[in-house]
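Here's the letter readout for the chains.
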Amino acid sequence: MAQSVKRAYKYRFHPTPGQAQELARTFGCVRLVYNKALEERTRASTVEGRRISYVETSAALTQWKKTPELAFLSEVSSVPLQQALRHLQAAFANFFARRAKYPVFKSRKKSRASAEYTRSAFTWRDGRLTLAKMDGPLDIVWSRPLPEGAQPSTVTVSKDAAGRWFVSLLVQETIAPLAATGKRVGADAGLTSLVTLSTGEKITNPRHERADRRKLAKAQRNLARKAKGSGSRAKARLKVARVYARIADRRRDHLHKLTTRLVRENQTVVIEDLTVRTMVKNHSLARAVSDASWRELRSMLQYKAQWYGRDLVVIDRWFPSSKLCSACGTLQEKMPLGVREWQCACGALHDRDVNAANNILAAGLAER
Ligand SMILES: [Zn+2]
């Protein structure tokens, strides 16, 4: 059965100087409203011992706009400001449900600048998007087509640390499930290769990543040498952000291709939960990057499996996937990290990661 899902399409765009100015001002107001409402909520809970609702923060915003100091809030579109309050509400809901930490203030330097526009705050005509308070449509780089006849319901504009502008369009889309297949696969996350499949295939990190990582390290060293507050430091920081953005983009692109392929080719995909994996303590940069990729990979697999009528099984309990012989089930006493290949007493010759992927697959199938 085809299902209707919400899907975001993200593009670069090039604002006119006027649009860039209006957006920068809107980002500033969004940050201010978010932080002020967060302060208000924190004060109410610590001083008065009560929770403030979204409706109350919304009423407070109306009052702020009437004060001389904050009257400028009325000059930007009101919708992104309201959306900021909704995001804060969601952050608190997650906190109270113990799904997230207490919300933190948005900082000009560290938080990604963004503004969210709902249907009443933009027009969408003949594939041209015009935001409230703007004189003309955005010059969007259509790197891939929007689905035929798509009507965006929400539009999010953002600017990253590398100074690039993005617009994300949320559209309702009908997705037909893929034809059923009997195939299934287990995937093991690794440091040397990104993912090893139970089929024996090893998927490496994106091309150029090693070279980009070296450039990143060089840019970071350069940044560390610059005096705080200097112009050359700001320049060096932008350089770091640009290299980092390129690595992240390539990696995400790579993960999209991989997850789409895994979901297309298999009825069932089995992976291990990240928290299980990190029981092995390792604080290297490579590990941090690989953990971030794994989280992203898991979330992509999750929604794509749902879209296409596939099953994703996540093993959330620890088991000795590397020490177990996938052929006979014998547990090896020890399996040092350096051992890439080994032979079991039963005669089976194993590649360490492929064996682990096979054990993950078997454990996943046993759980269902
Ligand atoms: Zn064996």
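Residues numbered from 1 in each chain as written. Predicted model: local features only at pLDDT ≥ 70, side-chain atom pairs only at ≥ 80, totals over all residues. Heavy atoms only, no water.

Student: Explain the side chain of Asp160 residue by residue, including any values.
Tutor: Looking at where Asp160 falls in the secondary structure, it is placed in the loop between strand E6 (154-159) and strand E7 (165-175). At 2.8 Å, the side chain of Asp160 and the side chain of Arg164 are in polar contact. Apart from the residues within four sequence positions on either side, Asp160 is in contact with Arg112, Phe166 and Ala245. (Helix = DSSP H or I, 4+ residues; strand = E, 2+ residues; numbered from the N terminus. Polar contact = N/O pair within 3.5 Å; in protein donor to acceptor, adjacent residues only side chain to side chain. Contact = heavy atoms within 4.5 Å.)

Student: Tell me about helix H4 (residues 209-225), and name the residues and values.
Tutor: Helix length check: H4, at 17 residues, gives a terminal C-alpha distance of 24 Å against a target of 24 Å (1.5 Å per residue), a fit within 8%. Within H4, burial applies to Glu209, Asp212, Leu216, Ala219 and Leu223. Each buried residue of H4 lies within a common arc of 80° when the element is viewed along its axis, so the set occupies one face. Exposed residues lying more than 90 degrees from the buried face of H4 are Arg210, Arg214, Lys218, Arg221, Ala224 and Arg225. Contacts made by the buried residues of H4 are with helix H5 (231-265). (Expected span 1.5 Å × (residues − 1). Buried < 20%, exposed > 50% of the residue type's maximum accessible area, 1.4 Å probe, protein only. Arc of directions from axis to C-beta.)

Student: I'd love a proper account of the packing of aromatic side chains, names of residues and values included.
Tutor: Summed over all chains, the structure comprises ten aromatic pairs. An angle of 25° between the planes, with centres 5.9 Å apart, marks the rings of Phe27 and Trp165 as stacked. In this pair, Phe27 sits in helix H1 (residues 17-48) while Trp165 sits in strand E7, placing the two residues 138 residues apart along the sequence. For the residue pair Phe27 and Trp165, the accessibility class agrees, reading buried in each case. (Phe/Tyr/Trp six-rings, centres within 6.5 Å; stacked < 30°, edge-to-face > 60°.)

Student: Break down the coordination of the zinc ion for me, with residues and values.
Tutor: Around the zinc ion, the protein contributes the donor atoms Cys325 (SG), Cys328 (SG), Cys344 (SG) and Cys346 (SG), which lie 2.2 to 2.4 Å from the metal centre. As a motif over one chain, the donors of the zinc ion read C-x2-C-x15-C-x1-C. A relative accessible area of 4% places Cys344 in the buried class. (Donors = N, O, S within 2.8 Å, 3.2 Å for Na, K, Ca; no water.)

Student: Give a description of the nonpolar core that names residues and reports values.
Tutor: By size, the foremost hydrophobic cluster in this structure holds 43 residues, and its most contacted members are Leu23, Tyr117, Leu131, Val155, Val157 and Val167. Tallying contributions element by element places H1 first for this core, with eight residues. Not counting residues up to four positions away in its chain, the partners in contact with Tyr117 are Leu23, Thr26, Ser77, Val79, Pro80, Phe122, Leu131, Ala132, Ser153, Thr154, Val155 and Val157. (Core = buried A, V, L, I, M, F, W, Y, C linked by side-chain atoms within 4.5 Å.)

Student: Summarise the confidence of the model for the protein; cite the residues concerned and give the values.
Tutor: Scored by pLDDT, the protein has a mean of 90; 95% of the residues are at 70 or more. By mean pLDDT, helix H6 (residues 274-277) is the weakest element of the protein at 57, and E6 is the strongest at 97. (pLDDT = per-residue confidence, 0-100.)

Student: Describe the UniProt feature "domain: Transposase putative helix-turn-helix" (unreviewed entry) in the protein, naming the residues involved and giving the relevant values.
Tutor: Per the UniProt record, the feature "domain: Transposase putative helix-turn-helix" (unreviewed entry) sits at residues 1-44. Regarding residues 1-44, the helix share stands at 64% and the strand share at 27%, and the terminal C-alpha atoms are separated by 48 Å. (UniProt positions renumbered as here; feature names shortened; annotations may be inferred.)

Student: Any chance you could break down the sheet that holds strand E5 (residues 139-141) for me, citing the residues and the numbers?
Tutor: The strand order E2-E6-E7-E1-E5 describes an open sheet built from five strands, whose pairing is antiparallel. Since the sheet does not close on itself, it has two edges, and those belong to strand E2 (113-118) and E5, each with one partner. The sheet shows a mean angle of 35° between the axes of neighbouring strands, direction not considered. Pairing of E2 with E6 involves six bridges; the strand directions are antiparallel. The residue of E6 that forms the bridge with Thr118 is Thr154. (Pairing = 2+ DSSP bridges. Axes fitted to C-alpha atoms, helices over the stretch in contact; angles between N-to-C directions.)

Student: Which residues make up the sheet that holds strand E12 (residues 311-315), and what values do they have?
Tutor: Strand order in the open sheet formed by five strands is E10-E9-E8-E11-E12, with mixed pairing between adjacent strands. Two strands lie at the open edges of the sheet, namely strand E10 (202-203) and E12, each paired on one side alone. Across three bridges, the pairing between strand E8 (residues 184-189) and strand E9 (residues 195-197) is antiparallel. Residue pairing for E9: Asp188 is matched across the bridge by Thr196. Strand contacts of H5: E8, E9, E10 and strand E11 (268-272), with the helix running at about 15° to E9, the strand carrying the most contacts.

Student: Mind laying out the domain arrangement of the protein, listing which residues take part and the relevant values?
Tutor: Domain boundaries assigned for the protein yield domain 1 (3-175) and domain 2 (184-208 + 244-367). Once you take the C-alpha centre of each, domain 1 and domain 2 turn out to be 36 Å apart. Each side of the interface is counted separately: domain 1 has seven residues, and domain 2 has five residues. A buried area of about 520 Å², summed over both sides, lies between domain 1 and domain 2, and 52% of it is on carbon and sulfur atoms. Taken together, the connections running from domain 1 to domain 2 amount to one salt bridge. Linking Asp249 and Arg164 is a salt bridge whose minimum nitrogen-to-oxygen distance equals 2.9 Å. Between domain 1 and domain 2 we count three residue pairs in polar contact (both at pLDDT 80 or more) in total. (Domains from an automatic or database assignment. Buried area = accessible area lost by both parts, 1.4 Å probe. Salt bridge = Lys/Arg side-chain N within 4 Å of Asp/Glu carboxyl O.)

Student: Talk me through a positive patch on the surface; I want residue IDs and the actual numbers.
Tutor: Taken together, the side chains of Lys218, Arg221, Arg225, Lys239 and Arg242 make up a positively charged region of the molecular surface. Taken together, the elements giving at least two residues each to the positive patch come down to H4 and H5. Among the elements that make up the positive patch, the one with the highest residue count is H4 (three residues). Tracing the chain through its elements places Lys218 in helix H4. (Patch = residues over 30% accessible without salt bridge, like charges linked within 9 Å, V, L, I, M, F, W, Y side chains within 5 Å. Areas by Shrake-Rupley, 256 points an atom, 1.4 Å probe, with all protein chains shown as cover. Lys, Arg positive; Asp, Glu negative; His and termini not counted. Charge placed at Lys NZ, Arg CZ, Asp CG, Glu CD.)

Student: Please give an account of the UniProt feature "domain: Cas12f1-like TNB" (unreviewed entry) in the protein that cites residues and values.
Tutor: UniProt records the feature "domain: Cas12f1-like TNB" (unreviewed entry) for residues 294-360 in the present numbering. Across residues 294-360 one finds 36% helix and 16% strand; the C-alpha atoms that close the span lie 15 Å apart.

Student: With reference to specific residues and values, describe the packing of H1 against helix H3 (residues 78-96).
Tutor: Packing of H1 against H3 brings their axes to within 9 Å, and their N-to-C directions diverge by 40°. Here H1 is positioned oblique relative to H3, judged by the angle of their axes. Relative to H3, the crossing made by H1 is right-handed. Between H1 and H3, the contacting residues are Thr26, Cys29, Val30, Val33, Tyr34, Ala37, Leu38 and Arg41 on the first element and Pro80, Leu81, Ala84, Leu85, His87, Leu88, Gln89, Ala91 and Phe92 on the second. (Parallel < 35°, antiparallel > 145°, perpendicular 65-115°, else oblique. Left-handed = near helix turned anticlockwise from the far one by under 90°.)

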